[in-house]
Structure formats: C-alpha cells, structure tokens
Amino acid sequence: MTILVTGGAGFIGSNFVLDWLALGGEPVVNLDKLTYAGNLQNLASLEGNPKHVFVHGDMGDAALVTRLLAQHRPRAVVNFAAESHVDRSILGPGAFIQTNIVGTFQLLEAVRAYWGALDASAQAAFRFLHVSTDEVYGSLSKTDPAFTETNRYEPNSPYSASKAASDHLVRAYHHTYGLPVLTTNCSNNYGPYHFPEKLIPLMIVNAQAGKALPVYGDGQQVRDWLYVKDHCSAIRRVLDAGRVGEVYNVGGWNEKPNLEIVHTVCRLLDELKPRADAKPYKDQITYVTDRPGHDRRYAIDARKIEQELGWKPAETFESGIRKTVKWYLDNPDWVTNVQSGAYRDWLAQQYGGAQVSGTAAMARSS
Ligand code: NAD
Ligand code: DAU
C-alpha cells in the first residue's frame, strides 16, 4: 500500500512525510510543485530511501495526478499543497485562487475518477484527507468561545477565503459523489522547517541577524499555537480512525498574543545565544503598520478530536518553542540556504542528471 501526499516539501508536509516514514508508515508518493515554499532540503535525510518517491509537479495537473494514481494505487491522499501565507495573499491573491481552489478541484476530479473505478472494498477503505485551517472561521472577540467544527465560515483574507472554498469542494465531493473525505482545520503551527517569512521563524532569524523584529499593529492579536509534530500526529490519527465526511478541529490549547510570542523567542535566544553586546534581543522589537483586515483572535476547541479519537498534543508551548529555537540555532545552513535562495537550486545541484533512487529518482521523473 502507498499514500499520496501533496505539498510534502513544505513546512507541515515535510514534517509529516519524515514522521510517517520514521514511524514505519507505507511508502509515500510526494507530489510538490516546489513553489518558493517547497524545499527539498527538508527531505534530504530520505535520499536513497525507496519508500519516498518525490514527484515535482502540480496537483492541478489532472493528467499527471491521474497517471500517478494509476501507477501507485494509493489507499489514501493527504492534501497539504496550498499557498499558505496570508500576507502574500493580500499582495497577490491570484495564485491562492489558482492553487487552493482550482488546484484542489482538479485534484478532487482525478481522485474521484480513480476512486470510482476501485472495487467495493478498496473504495470503502480509501480516504481523501484535506488539511485546512482555523482561519476559515474568521476572527473571534476576546470573550467568544473557541471555534468548534460547527462554527459558521467567515473567512476574512484571500488566503482563508480560498481555503474555505477548498473545504466546501471537499465536502461537496463527499455529499454528491460519496468520496470518503476527512477534513482537519488546524491552528497556527510552529517547529522545524518553518519558512522564515512566518512570525516565529522570522523572529528567530531576524534577531540573530541583528535586524528589526516587526510586530504588526499593537501585537495583541491572539493565535493558538501547535507544535508541528502534534499536527502531524493528529492527521495520522484522523486518517486512521476519523469518521468519513467529518471535520476535526486541531489545536494546542495555547492561545497567546503575538507580542508574548516574540518576547518568549527573545528570552530563549538571550539564554541560548546571547547577543555579542549582551543586550536583550527584545530591544530589536519594532512596531510596524498592521496587516490589512488582520484577524484579531483565533482559538480552537479541540474537544471533538480528543473525545472521539483520543488525540492530544504531546508538547506544551514551552517545550515546543524551546525545541524550535534550538532547531534553528542548530541548523544555520538550512536558514542560510533559504535566505540566499540556494535551496531552490537543490534539485539541480543535488540530483541533476544522476542515476539515483528514492527522492531523487522521482524528482527526475517530473
Ligand atoms: P507551506 O507554504 O510551507 O507549503 C506548501 C507546499 O505546497 C510547498 O511545498 C509548495 O511547493 C506546495 N505547493 C504549492 N502549490 C502546489 C501545487 N499546485 N501542487 C503541488 N504542490 C504545491 O505550507 P504549510 O504551512 O506547510 O501548510 C500546509 C497546509 O496546511 C496548507 O494547506 C495550509 O493551508 C494548512 N495549514 C497550515 C497551518 C500553518 O500554521 N502553517 C495551519 C493550519 C493549516
Ligand atoms: O491559523 C492557521 C494559519 O496560521 C495557517 O492557515 C496559515 O497558513 C499560517 O501562515 C498561519 O497564518 P497567520 O497569518 O496567523 O501566520 P503568520 O505567521 O503570518 O502571522 C502570525 C501572527 O503574527 C499574525 O497575527 C500576524 C503577526 N505577524 C506576522 C509576521 C510575519 C507580525 O506581527 N509580524 C510579522 O512579521
């Protein structure tokens, strides 16, 4: 048996693939377009591993997906692929519409055709797991209860609107065609391989470079943080035991204002890698113009996944953020390659023309 993962060279997808294979999961076919957010270096430890088959391509390329499904006969598809950065969606929403809506639609179409031709027992066992976000529910006031799975969809950014549309398509393919889908709506992730344009890695990287730590508006916006490996364990659990057609909210019960997050990162850096002048990193905090339409607060009520499936996060915020800061300090080459753009040449540098297996073999097959 095999699973097909889309977007498995991104932040969460690569953590998922690494953990999946480390835990003895079935072979993974990893389809990724390698946008600026896709980084094959995240998967370097899988080089030569025949259980990892990397395919450089677009989930919106129905012919490619159809060919991959026919060739590998996966028992499940886990859809991570997306444009994921809210600020980029404000600057240029087009790519978000194309990937998150049209791409998901094309993927669903190819999967529907494949699934429809399976025998009855394979059809019953098949799963399409769509990885989505808490942002589809909109913004909470200070006193609102946390988002449950029945909250109304009120997306406020082009990113969240495009994810909301993809969630609706996934839902419709279950209700109309019977495709066995599962959807997870997760809160903010953090951890290894997080692209340093998002809050936590940006702060870690900028602090060390002596740059400003840009806090939007008053810094009192609240996010609910989950260590990425806990998100991956939730996805595995939902894939394994989730009820078909259901939605599961995933969160860490870790609501924190942005300013507190930035202060925590600064404190950890003060401890683990003090500034040469011995001054605190928090001196680098700079308040900048707020994000347009900035959602004030997200919070996930994760009782359903806990009560139905017995899933709970393993990390506290304190343990997870310490691991994360240490990971960035221990992996300066990864950071340097991302900052210089060298990670984008990884495919060519590492694999160009060579006759190799595993990750690389499939990179060439695209
Ligand atoms: P990311 O931006 O780090 O990675 C996205 C990956 O998808 C990249 O490897 C990129 O190359 C790939 N990709 C983009 N378009 C593609 C296409 N058309 N075909 C194939 N691959 C394509 O994103 P992430 O933070 O890892 O998020 C993964 C998923 O989880 C997204 O669907 C996102 O909406 C969701 N999510 C993210 C968070 C978070 O905090 N990061 C929280 C909840 C949900
Ligand atoms: O809630 C889940 C979502 O979390 C995911 O669906 C998205 O893919 C993911 O990017 C993330 O979205 P956010 O917009 O919450 O994440 P970001 O890291 O961009 O910002 C977190 C908060 O920090 C947000 O309130 C904006 C603020 N911020 C961000 C940056 C990059 C700053 O104050 N300064 C910054 O420089």
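As the structure is a prediction and not an experimental result, all values here were calculated from the model.

Asks: Would you take a moment to explain helix α8 (residues 228-241) for this structure?
Replies: An α-helical turn contains 3.6 residues, so a residue and the one three or four places further along point in the same direction. For α8, built from 14 residues, the straight-helix expectation of 20 Å at 1.5 Å per residue is met to within 8% by its first-to-last C-alpha distance of 20 Å. Within α8 the residues assigned to the buried category are Val-228, Asp-230, His-231, Cys-232, Ser-233, Ala-234, Ile-235, Val-238 and Leu-239.

Asks: Mind showing me how you'd approach unusual backbone geometry here?
Replies: Apart from glycine, the bulk of residues carry a negative phi angle, and the bulk of peptide bonds sit in the trans form. With a phi close to 55 degrees, Trp-253 is a non-glycine residue in the positive phi region. Mapped onto the elements of the fold, Trp-253 is located in the loop between β10 (247-250) and β11 (255-257). Residue Trp-253 is classed as partly exposed on the basis of its relative accessible area of 46%. Look at Ala-278: it is not a glycine, yet its phi comes out positive at around 65 degrees. Tracing the chain through its elements places Ala-278 in the loop between α9 (258-272) and β12 (285-288). Owing to a relative accessible area of 68%, Ala-278 belongs among the exposed residues under this scheme.

Asks: How should I be thinking about the side chain of Thr-104 in this particular structure?
Replies: Counting through the fold element by element, Thr-104 comes out in helix α4 (residues 94-116). Among the residues examined, Thr-104 registers a relative accessible area of 1% and is labelled buried. Excluding residues that lie within four positions of it along the chain, Thr-104 makes contacts with Met-59, Asn-79, Thr-99, His-130, Ser-166 and Val-170.

Asks: Any chance you could explain the sheet that holds β11 here in plain terms?
Replies: Neighbouring strands of a sheet are bound in pairs by backbone hydrogen bonds; such pairs are parallel or else antiparallel. What the 3 strands build is an open sheet, ordered β7-β9-β11; its pairing is mixed. Strands with a single pairing partner mark the edges of an open sheet, and in this sheet they are β7 (188-190) and β11. Averaged over all adjacent pairs, the angle separating strand axes in this sheet is 50 degrees, with direction ignored. As judged from the 3 bridges shared by strand β9 (residues 222-227) and β11, these two strands associate in the antiparallel manner. If you follow Val-222 over to β11, its bridge partner there is Pro-257. Lying over the sheet, α8 contacts β7 and β9, oriented at roughly 70 degrees with respect to β9. Packing against the sheet, α9 makes contact with β9 and β11, and its axis sits at approximately 85 degrees to β11.

Asks: How do you make sense of the site of ligand 2 when you look at a structure like this?
Replies: In the neighbourhood of ligand 2, 23 residues make up the surrounding shell, with Asp-134, Tyr-159, Asn-188, Arg-291 and His-294 lying closest. In this structure, Asp-134 approaches ligand 2 through a side-chain N or O atom, which is 2.5 Å from an oxygen atom. Between an oxygen atom of ligand 2 and a side-chain N or O atom of Lys-198, the distance comes to 3.0 Å. Contact with the protein chains covers 94% of the free accessible surface of ligand 2, which is 690 Å². Among the secondary structure elements, those contributing two or more residues to the shell around ligand 2 are α7 (199-208) and β8 (213-216).

Calculation notes
- Position numbers for residues count from 1 along each chain, tracking the sequence in the order it is written.
- By the order in which they are written, chains take letters starting at A while ligands take numbers starting at 1.
- Since the coordinates come from a predicted model, pLDDT governs what is reported: local features require at least 70, and pairs of side-chain atoms require 80 or more to be given and counted, while whole-chain, interface and lining totals use all residues.
- As a convention, hydrogens and water are excluded, and side-chain values are obtained from all of the structure's heavy atoms.
- What counts as a helix is a DSSP run of H or I of at least four residues, what counts as a strand is a run of E of at least two, and both are numbered from the N terminus.
- A helix is expected to span 1.5 Å multiplied by its residue count minus one.
- Exposure is judged per residue with a 1.4 Å probe applied to protein chains only, and the accessible area is read against the type maximum: over 50% gives exposed, under 20% gives buried, and values in between give partly exposed.
- Contacts are assigned to residue pairs with any non-hydrogen atoms lying within 4.5 Å of each other.
- DSSP calls a pair of strands paired once it identifies at least 2 bridges connecting them.
- Helix axes are fitted only over the stretch in contact, all axes being lines through C-alpha atoms; the angle between N-to-C directions runs from 0 to 180 degrees.
- Residues are counted as near a molecule or strand when any one of their heavy atoms sits within 4 Å of it.
- N or O atoms closer than or at 3.5 Å make up a polar contact, with two conditions inside protein: a donor-capable atom paired with an acceptor-capable one, and, for residues adjacent in sequence, both atoms drawn from side chains.
- What sets the accessible areas is the Shrake-Rupley method with a 1.4 Å probe; for residues, cover comes only from the shown protein chains.

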